[in-house]
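Structural overview for review
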Amino acid sequence: MNEWIQAIINVFTNPTFYKSTLTQSTPLILAALGGVFSETTGVVNIALEGIMLMGAFGGVMGSYFTGNPWYGLALGTFFGVAMAALHAWASIKYGADQIISGTALILLAQGITGFALVELFGQPGSTDLVRSIPLVDLGSFKQVPFVGVIFGNLSPFVYIAFASVAFGWILIYKTKLGLRMRSVGNNPEAADTLGVNVYNVRYFGVIMSGFFAALGGAYLSIGELGQFTTNMTNGRGFIALAAMIIGNWNPVGAMSASLLFGGATAFNNQLQSQSVLNLSTNTQYIFGMIPYIITLIVVGGLIGKSRAPSADGVPYIKE
Amino acid sequence: MDKNVDYSKYAVVMKGITKRFPGVLANDRVDLFVKKGEIHAIVGENGAGKTTLMSQLYGLIKPDDGKIYINGVEAQINDPNDAISAKIGMVHQHFMLVDRLSVVENIVLGQEPVRGPFFALNRARKEIKDLSKKFGLIVDPDSIIEDMPVGMQQRVEIIKVLYRGAEILVLDEPTAVLTPQETNELFEVLKSLKSQGKTIIFITHKLNEVMAITESVTVMRLGKVTGVVKTSQTSSKELANMMVGREVLLTVEKNSAHPGDEILQVKDLVVKENRGIEAVRGLSLNVRSGEIVGIAGVAGNGQTELTEAMTGLRKVESGKIIFKGQDITGFSPKKRREMGMGHIPEDRLKHGLIKTFPIYYNFILGEHDDPKFSDGVFLKIEDIRKFSENLVKRFDVRPPKIDLLGMNLSGGNQQKVIVAREIAFDPALMIVSQPTRGLDVGAIEFIHKTLISMRDKGIGILLISMELEEIFSLSDRILTIYEGQIMGEVRPENTTTEEVGLMMAGHRLEDLHQEA
Ligand SMILES: Nc1ncnc2c1ncn2[C@@H]1O[C@H](COP(=O)(O)OP(=O)(O)OP(=O)(O)O)[C@@H](O)[C@H]1O
Ligand SMILES: [Mg+2]
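For the structure given in this document, a descriptive report is provided here. (Residues numbered from 1 in each chain as written. Chains lettered and ligands numbered in written order. Predicted model: local features only at pLDDT ≥ 70, side-chain atom pairs only at ≥ 80, totals over all residues. Heavy atoms only, no water.)

1. Comments concerning a nonpolar patch on the surface
Note the threshold: Patch definition: residues with relative accessible area over 30% and no salt bridge; like charges joined within 9 Å; nonpolar side chains (Val, Leu, Ile, Met, Phe, Trp, Tyr) joined within 5 Å. Note on areas: Shrake-Rupley with a 1.4 Å probe; residue coverage comes only from the protein chains shown. Salt bridge, as used here, is a side-chain nitrogen of Lys or Arg placed within 4 Å of a carboxyl oxygen of Asp or Glu. A helix here means a DSSP run of H or I that spans at least four residues, while a strand means a run of E at least two residues long, and both kinds are numbered starting from the N terminus.
Together, Ile-8, Phe-12, Tyr-18, Leu-138, Phe-141, Val-144, Phe-146, Val-147, Phe-151 and Tyr-159 of chain A give the surface a local cluster of nonpolar side chains, amounting to about 750 Å² of exposed area. Elements supplying a minimum of two residues to the nonpolar patch: helix 1 (2-13) and helix 6 (147-151) of chain A.

Here it is as C-alpha cells:
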C-alpha cells in the first residue's frame, strides 16, 4: 500500500505530469470546441474522430511534400473543413440522419488515410518522419524550477487551443452571430420567423467544427512527432464528444472536461512509469482504462444536469 | 382590373388568396380587407384556414394564387424578412420563442444592436425597457423564457413585434392560453396600440372577445370567406351561426347527475413543482362515478402539478391517491391507464400527441398493446386504420385523412384527436385539462355534449379549466383551487361567478359566508 501512496505523490510533485496534462488535453480541447460549434447550431457531429484523422494525415502530407510543416497545417485543416462541409451538405441541405452521415465520414476517413498511406509512403502502419511545427522555446524561463519545466518548451498548438476556447466563448456568447447560432440550435423555426437564415448559420457552425477538430488532429501528427500512424486518433474524437457533453456544450466547460481527461491520461502514463510499483504488462491494460472509467463516472453523475441544445440533431426542413 | 381600385385606406388587402396542401384546399380565393388603425377579427372553425392565411401574409408560406397589398401598394412577400420590412409582425398561435434564451435575446434576434464586433446587450436591454414602458408591457429583460408563465411569454412576443417597428400586428389566438386577468391586460395593450395608430388582426374563437374589442370581422369556413360584418351590427350568436353554418348552442343542456360510488379519492396530497416549491399543498378531493367535478382557478395555482400527480407523471411528496378503492400513489402512468384512467392533457403538443406520427398512430397511443391493435409482436395496421377512420368521422376531425401527420393538423383538430382517443378507450375516470382550449364554438359544443354523455354513462370526470363559463356549464360540483389548496366546494346552481371569482383570488368559502 505504501508504495502506491509514494508513487502517487511522485506523480503529483513532478512537473512532467502537468506538462503532459497540457499536451494530452490539447487535441481534446480543440476537437471538443469543434463539437460545441457544430452542436450549438443544432447539428450533431460525431464525425470528429474522422475529421481529426484527416487533419492529422493532411498535416503530415503537406509537410512531407513542401518541407514546411505550416503548409502541412494548412492542408490538414483544409481536409477537415472539406469533411465537415460534406457532413453539413448531407445533413443540412438534405436533412440526412446526422449519426449516419457522421459514421460514414469516420469510415471514409479511415479508408482514405489507410489507402493514401500506402500509395504515398509505400507502406502500411506509419509514414516517414516529416518536419513538425517547432516548439515555442521560452529561453531562460526554462531554468525556473517547476513552471519552467511545464511551460518552457510547449507546442504552439497548446497556446492555440486555449486561445481558440476564448475565441469560441466570446463568439458564441458575446456576438450577434453567436446569438443566432444558439437560437438556430434551440428553435430554428423561431429564428426563421425573424429572418435568420437557419441554413447559413448551421453551415458556419459545422464548418468551424471541421476546422477546430482538424487542428486537434494535426497536433497529433505534426505537433510533436512529425509522423502519421494508422488510426492515430485512437478514439480521441469520441472522448472529445464526451468532453463537450460534460462541459454542457459550452467552450469553457468543454475545455475543463478535456483537461480532466487529459489529466487522467497523463496521470495514468506517469503512474505506470513509476518503478517502485513494478507493474506487469497486463495490469497496464487495466490502467489504460482509467480515463474511460472517469468518463463513465462523470457522465453518470452529470445526467440531467447537462442539456443539449433543444434542436440538436434535428434537421430543419422548410414548408 | 385591381389597378383601378383604390386600396389606400386599407393597411392590408389580401385578394383572391388560394393555398392548397396535399389533399386540402386550405384557402379558397380568400379576400381580406383590413382598414388602417382598426382591430379586425378573423373567426372560423378549426381548420377553416385562418392560420394559413396569416402565414402567407407573413411570408412563411407562399400562396398558390392571389395578391397582397400593404397600404394600397402591391407587396411581394416571399419570406419573413419581406414581411418585417413591410412592417408586419406576427404573434404565432404556437409561440416562436427560443426557450433557453433570455427575453432580450429573443426580442432582438435577427436585428441585434452591435458595438463593434459585439452584440450590444446593454443597449438592447435599454431599448426594450423603453418599449415596455411606452406600451405598458412590463417584462424583466433578463428572465429566461422557459421560466416564465405563458402570459409573460406572450408579452415578449408582442414586444418582439413592436421592436421591429411593426405597424400591422397579427395575433393568432393570443387569448387561448391566457387567464381572464391576462386577457384583460392584453386588451388594454391592444387598445393602447390602436390609439397609437397600429392596425391589428386578431384571431380568436371567443366571440365575446370579438364583440369586446374589434371593429369588423371576417368569418371563414372551410377555406372560404363566408361573411364580413361590422362588429356593431352583429352578435355572438349570429357570428357563431355564420362560422358553423347552423344554429349553435353556446351553453349545453344537461340533466341533473346521478352519481354512483366514489371512484377517485385524493387525500392530503402534496406535490412539488419543478423548482422544488410545493405547488399542491395538502389537497383533498373526491370524484364519484357519473359526475363532473370542476376545478376552477387561475392558471399556475397547482392545477398542472395536481393533474400530473394524478396521472403518474409527477412524484407525490406525501398524501394518497385512491382509485377504485386501490392506493395507486406509486403506480406508473401505464398501470393507471390499464385500470381505466383517461387523461386529456393541457399541453397537447407536449403530452397529448406525437407531431411526427400520422393520425392513426396517434389514435392508439397508450393502447398499442391492446389485442385489438396488436397480436403481441406486430401491429394490426388494417384494424388500426379502420378504427381510426371511424373515430375521425365520429369526432369530425378535419380533414378526415388518417395519414396526415399530427403537426399538419390545425390546432383545434389536434385537440379533437386527443379527445377522441381518450374517449374511445372507455375509461372509468377521466382527468380532463382545458379540453376546449383553442376549439371553435361548434367543436366546443360537441366536446361538451360528449363529456355530458360520458357522465351519463357513469364515468367520473375531473375537469380542470381556466374558463369559468366552461366550469359552470359542465360541473355538478365546483372546487376552487388557490395556491395548491381547495378554497371551497359549491354547486353551480347555488353560486355566482363572483363568489367563485373571490375564491380564485384566495378567499375561503367559510370566510365569505361569515362576512355575508
Ligand atoms: N403543412 C400542412 N400540410 C398539410 N395540411 C395543412 C398544413 N398546414 C395546414 N394544413 C391544413 O390546412 C387547413 C387549414 O389549417 P389552419 O391551421 O389554417 O386552420 P385554422 O383556421 O388556423 O384552425 P385552428 O382554429 O384550429 O387553428 C387544415 O385542414 C389543416 O389540416
Ligand atoms: Mg390556427
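2. What to know about the sheet that holds strand 4 (residues 65-70) of chain B
All names here are of chain B. We apply this condition: Two strands pair under a simple rule: DSSP has to find at least two bridges between them. The contact criterion used throughout is that any non-hydrogen atoms of two residues lie within 4.5 Å. Between N-to-C directions, angles span 0 to 180 degrees; the directions come from axes that are lines fitted to C-alpha atoms, helices contributing only their stretch in contact.
In space, the four strands of this open sheet follow the order 2-1-4-5, with antiparallel pairing throughout. Here the strands that pair on one side only, and so sit at the sheet edges, are strand 2 (24-35) and strand 5 (73-74). Strand direction decides the pairing type here: strand 1 (residues 10-21) and strand 4, joined by five bridges, are antiparallel. When the bridges of strand 4 are listed, Val-13 appears paired with Tyr-69. Running at roughly 115° to strand 1, helix 1 (residues 50-57) makes contact with strand 1, strand 2 and strand 4 of the sheet.

3. Observations concerning the coordination of the magnesium ion (ligand 2)
Residues and elements named next belong to chain B. Quick note on the threshold: Each metal's donors comprise the N, O and S atoms found within 2.8 Å of it (within 3.2 Å for Na, K or Ca). Water is not part of the atom list, so some coordination spheres may appear incomplete. Partly exposed residues are those whose accessible area sits between 20% and 50% of the maximum for their type, while under 20% is buried and over 50% is exposed, using a 1.4 Å probe and protein chains only.
Around the magnesium ion (ligand 2), the protein contributes the donor atoms Thr-51 (OG1) and Gln-93 (OE1), at 1.9 to 2.2 Å from the metal centre. You can see Thr-51 sitting in helix 1 and its partner Gln-93 sitting in the loop between strand 6 (88-91) and helix 3 (103-108), a full 42 residues away along the chain. Since its relative accessible area comes to 29%, Thr-51 is described here as partly exposed.

4. Overview of the nonpolar core
Side chains of nonpolar character tend, in soluble globular proteins, to be buried together. Note the following rule: In this description, a nonpolar core means a group of buried Ala, Val, Leu, Ile, Met, Phe, Trp, Tyr and Cys residues linked to one another through side-chain atoms lying within 4.5 Å.
Counting 111 residues, the largest nonpolar core has Phe-228 of chain A together with Val-156, Leu-162, Leu-190, Leu-193, Ile-200 and Phe-202 of chain B as the members making the most contacts within it. It is helix 10 (residues 198-223) of chain A that provides the largest number of residues to this core, a total of 12 residues. Not counting residues up to four positions away in its chain, the partners in contact with Val-156 of chain B are Leu-97, Val-103, Asn-106, Ile-107, Val-139, Ile-145 and Met-148 of chain B. Formed by 46 residues, the second largest nonpolar core is a distinct cluster that contains Val-252, Val-298, Leu-409 and Val-417 of chain B.

5. Things to note about the sheet that holds strand 9 (residues 168-172) of chain B
Residues and elements named next belong to chain B. Pairing within the open sheet is mixed, and its six strands lie in the order 6-9-10-3-11-12. Of all the strands in the sheet, the pair left with one neighbour each is strand 6 and strand 12 (224-230). Sheet twist, expressed as the average angle between the axes of neighbouring strands with direction ignored, equals 15°. Contacts from helix 5 (residues 150-163) reach strand 6 and strand 9 within the one sheet, and its direction differs from that of strand 6 by about 170°. On the sheet, helix 8 (residues 236-244) packs against strand 3 (39-44), strand 11 (216-221) and strand 12 and is oriented at approximately 30° with respect to strand 11.

6. A few points about the pairing of strand 16 (residues 318-323) of chain B
All names here are of chain B. Note that strand 13 (residues 262-272) and strand 16 share five bridges and pair antiparallel. Bridge pairing links Lys-267 to Lys-320 in strand 16. Sheet analysis places strand 16 next to strand 17 (residues 326-327), joined by two bridges and oriented antiparallel. Each bridged residue has a counterpart across the sheet, and for Phe-323 the counterpart in strand 17 is Gln-326.

7. As for the interface of chain A and chain B
Rules: Summed over both partners, the accessible area lost on bringing two parts together, with a 1.4 Å probe, is the buried area. The definition of a polar contact used here is a pair of N or O atoms within 3.5 Å, where within protein one atom must be able to donate a hydrogen and the other to accept one, and adjacent residues in sequence count solely through side-chain atom pairs.
Contacts between the two partners involve 23 residues from chain A, matched on the other side by 29 residues from chain B. Per-residue buried area on chain A facing chain B is highest for Leu-179, Thr-193 and Leu-194 of chain A; these three make up 31% of the total on that side. Taken together, the links from chain A to chain B amount to three salt bridges. One salt bridge in this structure joins Glu-105 of chain B and Arg-182 of chain A, with 3.2 Å as the shortest N-O distance. Our count for the chain A to chain B interface comes out at nine residue pairs in polar contact (both at pLDDT 80 or more). Counting only elements with at least two residues in the side of chain A that touches chain B, the list comes to helix 7 (156-174), helix 8 (176-186) and helix 9 (188-193) of chain A. A total of six residues in the side of chain A that touches chain B trace back to one element, the largest contributor, which is helix 8 of chain A.

8. Here we look at the packing of aromatic side chains
What counts is decided by this rule: Working definition: rings of Phe, Tyr and Trp (its six-membered ring) pair if their centres are within 6.5 Å, and the pair is stacked with planes under 30 degrees apart, edge-to-face with planes over 60 apart, and tilted otherwise. In this analysis the charged atom, NZ for Lys or CZ for Arg, is taken to sit over a ring once it is within 6 Å of the ring centre and within 35 degrees of the ring normal.
Per the stated rule, a full pass over the model turns up 24 aromatic pairs over all chains. When the centroid spacing of 6.3 Å and the interplanar angle of 50° are considered together, the rings of Phe-78 of chain A and Phe-79 of chain A count as tilted. The class for Phe-79 of chain A is buried, based on a relative accessible area of 18%. Members of the aromatic cluster, connected to one another through ring pairs, are Phe-12, Phe-17, Tyr-18, Phe-146 and Phe-267 of chain A. Note that Arg-337 of chain B overlies the ring of Phe-425 of chain B, its terminal NZ or CZ placed 4.2 Å from the centroid.

9. Focus on the side chain of Gln-153 of chain B
Counting through the fold element by element, Gln-153 of chain B comes out in helix 5. One polar contact links the side chain of Gln-153 of chain B to the main-chain carbonyl oxygen of Met-148 of chain B, over a distance of 3.1 Å.

10. Let's talk about unusual backbone geometry
Cis geometry marks the peptide bond from Arg-398 of chain B to Pro-399 of chain B; its omega dihedral reads -10°. Within the secondary structure, Pro-399 of chain B is located in the loop between helix 13 (381-394) and helix 14 (411-424). Located in the positive-phi region is Asn-248 of chain A, a residue other than glycine, with phi close to 55°. With respect to the secondary-structure elements, Asn-248 of chain A resides in the loop between helix 11 (236-246) and helix 12 (251-272). Although it is not a glycine, Lys-87 of chain B sits at a positive phi angle of roughly 65°. Taking the relative accessible area as the measure of exposure, Lys-87 of chain B reaches 38% and is therefore partly exposed.

11. So, empty space enclosed by the protein
The criterion, for reference: The definitions used throughout rest on a 1 Å grid laid over the protein atoms alone, on which a cavity is an enclosed set of points accommodating a 1.4 Å probe that cannot get out and a pocket is an open set flanked by protein within 12 Å on both sides along at least five of seven lines; lining residues are those having an atom within 4 Å of a point. Grid points are joined across faces, edges and corners, and a volume is the space filled by probe spheres set on the points. Residues are sorted three ways: Asp, Glu, Lys and Arg are charged, Ala, Val, Leu, Ile, Met, Phe, Trp, Tyr, Cys and Pro are nonpolar, and all the rest, Gly among them, are polar.
As enumerated under the stated definition, the model contains two cavities of 30 Å³ or more in all. Estimated volume of the largest cavity: approximately 80 Å³. As for the largest cavity, its lining consists of 13 residues, of which Leu-194 of chain A together with Tyr-58, Met-90, Val-161 and Arg-164 of chain B are closest to the centre. If you list the elements that add at least two residues to the lining of the largest cavity, you get strand 6 and helix 5 of chain B. Of the residues in the lining of the largest cavity, the class split is seven nonpolar, three polar and three charged. Size it by volume and the second largest cavity reaches roughly 40 Å³. Lining the second largest cavity are Val-43, Ser-91, Ile-92, Gln-98, Tyr-199, Arg-202, Pro-315 and Tyr-316 of chain A. Mapped onto the lining of the second largest cavity, the elements with two or more residues apiece are helix 4 (69-93) and helix 10 of chain A.

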